[in-house]
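# Descriptive analysis of the structure
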Amino acid sequence: MKFKLSLITLALATCSSGAFAFDFGVTSANTQTTTNTKWACKKCTSKKMVIGQAGIELGSMNSDDDHAANNLKYTDGFAAGVNADVIYNNKGYRTEVVADQLGSEQGYGAIKTGRLGVWNVEASFDEKRRYNADNANSVWLADGNNLIEQDEMVIQPLVLKRKKSAIEAKFQLENVASYIRFSNEDKTGKQTSSMTNGSIKAINIAAPVDTQTQNMAAGVSISGQNWLTELSYKGSWFDNDIDSLELSGMGYPVSSQAPDNQSQFVTLTGRYSLSKTHFSGRITQGSMTQDADFVTLNGVTSGQNTADTQVDTLDANFKVISSVMSGLRLKASVDYSDRDNKTDINEYEQYTYDELSGDFVANTQLDTTRTAYKASASYSLAKGQRIEAGFDRIETERSDQDREETDDNILWAQWRVTGIDKWDIRLKGLYSDRGGSEFLYDELSASDENTLMRKYYLADKKGCKAELFVTHAPLDTLSLSFRTYYGLDDYTNTEIGLVESKDYGYDIGLSWQALQDLSVNIDGGYQWIDSRQASAQTTNVDMWQADTEDQFGFAGIGFNYTGLSERGINISADYSYAISISDSYSNGSNVLGDYESTSHNVTVQATYAMTEQTIVGLKYQFERYRDSDDTQLPTYYYSGTGPTGLTTLGILNHDYDAHLILATLQYRF
């Protein structure tokens, strides 16, 4: 689903969800200006048979690094794209054509037609390319499943291409509705990977990608005056044409890739309303299977050549919401999830401590059952004030795993004030506590520090979070927003692994109608994530401690000037900045080096209305991007300057300035 957000909307969304705050070094700030002239109501009726707009953009991109296309959407050279949103209405029938920079590296197009309120059919096409690096160096070149050594280095671009097509149909009568959707996604290209001989030698490779994913969904619903029920089906099929990779002539073990798999689910959903009480429920029965040949080892007993795995799933949910009295609303729900592993048990030869042990070990059927109980109450303290509090308990049971039971208890509350003129204040708080059964260490995990380091998600933990969100409009022309948050996870009984993690930061936003013809928008924010890890505390010699400090930030400013609108001229500009920093320390030493990326983005656009329907424009975009990762090494390096036995793809950092200039032509119907 695609959204177009004005800055005010985006600033409010940014300050209410941390997911919008940072984009790991690639700018996430969208400072598109807000004007009433850009607002449109798609559901509003019009006497015109054809409404909307269609246009083209033509220009040139100047960049020596294709990574710039991830943001600017074009690679070096000629640039051309089509944009459209045209609606045709005729005697109750409606057809809509949508195009979003169709022809660029991230184009989208769709056509939707049907009879209003009865039926519609939609077909869409979405093509995306993600450029990671265009200068990977390797003597190993992929030919299907084989990597063949070349006589000299070959430069290979690391880019993933995705082509997704979909078709959907909906039908609706007075009390009956149905739908069916089908999509197909092909992903091709190359990505970083590595292969090892099982000892000290490892080779980084440009691994080929060639997968296909098909999804299908269908459902039918029946509704009455105060009830609704729906029966639906979802299915997914994944095929990987690169099921294994082999370094020809090297004697390395063959590396298995993602296996073909499929999943299918049937869901029954219902809702019922009784006066001021509302009930809803859902139950889903599913199955996930995979059938793949063994490709890495010959040590399989009883003539087993394939791994047939199956996991049956059962999910159920029941929720009730009731307004028991004036100002008081109660909620309660139960969620149940069961994963039943039906995979056949066989014996397979195992790797142990980077060597082939020769021992045969049977696989285990890992089952998981999860039940979540939630209850909350919301009460209006006074006009414009509401307090809400709740308690969640999550019980998880696992079979044949390191900890068979974990219990999570979560207590939360929030207070909102809207009764103060031109203010909206929200304060949230949360406390969580995880406990459970004793850990069950096997002989391997009890003696292998690396294995234990990964068990933090099962460990006892106490956590707290707090968030303050404030919006204020001191003037009719000025709107401010501010959000700050803090979170702490303390692994109370942990002797090894993740000990503590902190997440805190702030977001700000400003929208100002500085003059009648000039609007200005500013937003920004910063986030810190700090974590501490510890080793096995056996002796002082063995002990070590590692600290990781991550920082993400963005800032943006933009304006829109309409003072020349009587002459048909509109001018706007935006600037955004993003930064990402990651530092890791072990026993106080920065042995892994730093990672840092910065991005500056500028957009300047001017449009001129030649007629009431025809608008021409000129658009300029600029990106300055830098990143540096100290862990990246040349393909070959001297002994002692890097890990022993490692062959890399080279230094893949980015350092470029990209310029995009486009002439636009738009016609409004």
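Residues numbered from 1 in each chain as written. Predicted model: local features only at pLDDT ≥ 70, side-chain atom pairs only at ≥ 80, totals over all residues. Heavy atoms only, no water.

## What to know about the overall build of the protein
Put simply, the rule reads: Working definition: helices are DSSP H or I runs of at least four residues, strands are E runs of at least two. Numbering for both runs from the N terminus. Buried, partly exposed and exposed residues are distinguished by accessible area as a fraction of the type maximum, computed with a 1.4 Å probe on protein chains only: under 20%, between the cut-offs, and over 50%, respectively. For the area figures, the Shrake-Rupley method with a 1.4 Å probe applies, and any residue is considered shielded solely by the protein chains shown.
On a plain count of helices and strands, the protein comes out with four helices and 31 strands. Considering the protein as a whole, with its 669 residues, one finds that 33% of them fall into the buried category. With an accessible surface of roughly 37,500 Å², the protein has 53% of that area assigned to carbon and sulfur atoms.

## Side note on the side chain of Ser376
To keep things clear, this is the line we draw: Two residues qualify as a contact provided that any one of their heavy atoms is within 4.5 Å of a heavy atom in the partner residue.
Note that Ser376 resides in strand 18 (residues 368-382). Ser376 gets classed as buried once you look at its relative accessible area, which sits at 13%. Excluding its chain neighbours within four sequence positions, the residues that come into contact with Ser376 are Arg329, Leu330, Lys331, Glu388, Ala389, Gly390 and Trp412.

## Concerning the pattern of salt bridges
Stated formally: Any carboxyl oxygen of Asp or Glu within 4 Å of a side-chain nitrogen of Lys or Arg constitutes a salt bridge here.
Scanning the entire structure with this criterion turns up 25 salt bridges. The partner of Arg94 in a salt bridge is Glu96, and the shortest N-O contact between them spans 3.4 Å. Here the two residues Arg94 and Glu96 agree in accessibility, since each one is buried. Across the pair Asp424 and Arg416 runs a salt bridge, and its minimum N-O distance is 2.7 Å. Asp424 sits in the buried class, given a relative accessible area of 14%.

## Some thoughts on the packing of aromatic side chains
Which entries qualify depends on this criterion: Two rings from Phe, Tyr or Trp (for Trp, the six-membered ring) form a pair when their centres sit within 6.5 Å of each other. Planes less than 30 degrees apart are called stacked, planes more than 60 degrees apart edge-to-face, and all others tilted.
The final tally for this structure, using the stated rule, is nine aromatic pairs. Both rings, one in Tyr504 and one in Trp528, keep their centres 5.4 Å apart while their planes meet at 15 degrees; by these two values the pair is stacked. On the criterion of sequence distance, the pair formed by Tyr504 in strand 24 (residues 497-515) and Trp528 in strand 25 (residues 518-534) is long-range, its members being 24 residues apart. Measuring from ring centre to ring centre gives 5.6 Å for Tyr625 and Tyr656, while their planes differ by 15 degrees; the resulting arrangement is stacked. Of this pair, Tyr625 sits in strand 29 (residues 614-629) while Tyr656 sits in strand 31 (residues 655-668), placing them 31 residues apart in sequence.

## Focus: a positive patch on the surface
Inclusion rule: Candidate patch residues must exceed 30% relative accessible area and have no salt bridge, after which like charges are joined if within 9 Å and Val, Leu, Ile, Met, Phe, Trp or Tyr side chains if within 5 Å. Charged-residue counts in this description rest on Lys and Arg as positive and Asp and Glu as negative, His and the chain ends being excluded. One atom stands in for each charge, and that atom is NZ of Lys, CZ of Arg, CG of Asp or CD of Glu.
Together, Lys319, Arg329, Lys331, Arg370, Lys374 and Arg386 make up a region of like positive charge exposed at the surface. Looking at the positive patch, the elements that each hand over two or more residues are strand 15 (328-341) and strand 18.

## Section: the side chain of Asp402
Counted only if it meets this: Whenever a nitrogen or oxygen atom comes within 3.5 Å of another N or O atom, the pair is scored as a polar contact, on the condition that within protein one atom can donate a hydrogen and the other can accept it, and that pairs from neighbouring residues in sequence are kept only if both atoms are in side chains.
Mapped onto the elements of the fold, Asp402 is located in the loop between strand 19 (385-398) and strand 20 (405-417). With relative accessibility at 13%, the residue Asp402 sits in the buried group. Side chain to side chain, Asp402 and Lys455 meet in a polar contact 2.8 Å long.

## Digging into the pairing of strand 10 (residues 244-247)
In plain terms, the rule: Strand pairing is defined by DSSP finding a minimum of two bridges between the two strands.
Judged from the two bridges that link them, strand 6 (residues 146-172) and strand 10 form a sheet pairing that is parallel. Residue pairing for strand 10: Asn146 is matched across the bridge by Glu246. Pairing of strand 10 with strand 11 (residues 255-256), which is carried by two bridges, proceeds in the antiparallel orientation. Bridge pairing links Ser244 to Ser256 in strand 11.

## Side note on the nonpolar core
Basically, it comes down to this: Buried Ala, Val, Leu, Ile, Met, Phe, Trp, Tyr and Cys residues form a nonpolar core when they are joined through side-chain atoms within 4.5 Å.
Membership of the largest hydrophobic core is limited to eleven residues, which are Val139, Trp140, Leu147, Met195, Ile203, Ile205, Ala207, Ile242, Leu245, Leu247 and Tyr252. Contributions of two or more residues to this core are made by strand 5 (119-143), strand 8 (202-223) and strand 10. In terms of residues, this core owes the most to one element, strand 8, which gives three residues. The residues contacting Tyr252, other than those within four sequence positions of it, are Met195, Thr196, Asn197, Lys201, Ile203 and Leu247.

## Some details on the confidence of the model for the protein
What counts, and what does not: pLDDT gives the predictor's per-residue confidence on a scale running from 0 to 100.
Of the residues in the protein, 85% have a pLDDT of 70 or more, and the chain-wide mean is 87. Counted against residues more than four places away or in other chains, residues 1-40, with its pLDDT under 50, gives 91 contacts. In the predicted structure, residues 353-357 sits below a pLDDT of 50 and forms 13 contacts with residues beyond four places in sequence or in another chain.

## Thoughts on the environment of Thr284
If you trace the backbone, Thr284 turns up in strand 13 (residues 277-293). For Thr284, a relative accessible area of 8% gives the class buried. Not counting residues within four places of it along the chain, the set of residues in contact with Thr284 comprises Phe265, Val266, Thr267, Thr313, Leu314 and Asp315. A distance of 2.8 Å separates polar atoms of two side chains, one belonging to Thr284 and the other to Thr267.

## Details of the pairing of strand 25
Pairing of strand 24 with strand 25 involves 16 bridges; the strand directions are antiparallel. Opposite Leu510, over in strand 25, you have Ile522 as the bridge partner. The antiparallel hairpin formed by strand 24 and strand 25 contains two residues in its connecting segment. For strand 25 and strand 26 (residues 545-561), the ladder comprises 17 bridges, and the chain directions are antiparallel. Residue pairing across strands places Arg532 opposite Asp547, the latter belonging to strand 26.

## Looking at unusual backbone geometry
Positive phi is not limited to glycine here, since Lys73 has a value of about 75 degrees. Here Lys73 shows up in the loop between helix 2 (69-72) and strand 2 (77-90). Under the relative-accessibility criterion, Lys73 is labelled partly exposed at 21%. Backbone geometry at Lys422 places phi at a positive 70 degrees, although glycine is not the residue there. Looking at the secondary structure, you find Lys422 in the loop between strand 20 and strand 21 (423-436). The class of Lys422 is partly exposed, set by a relative accessible area of 38%.

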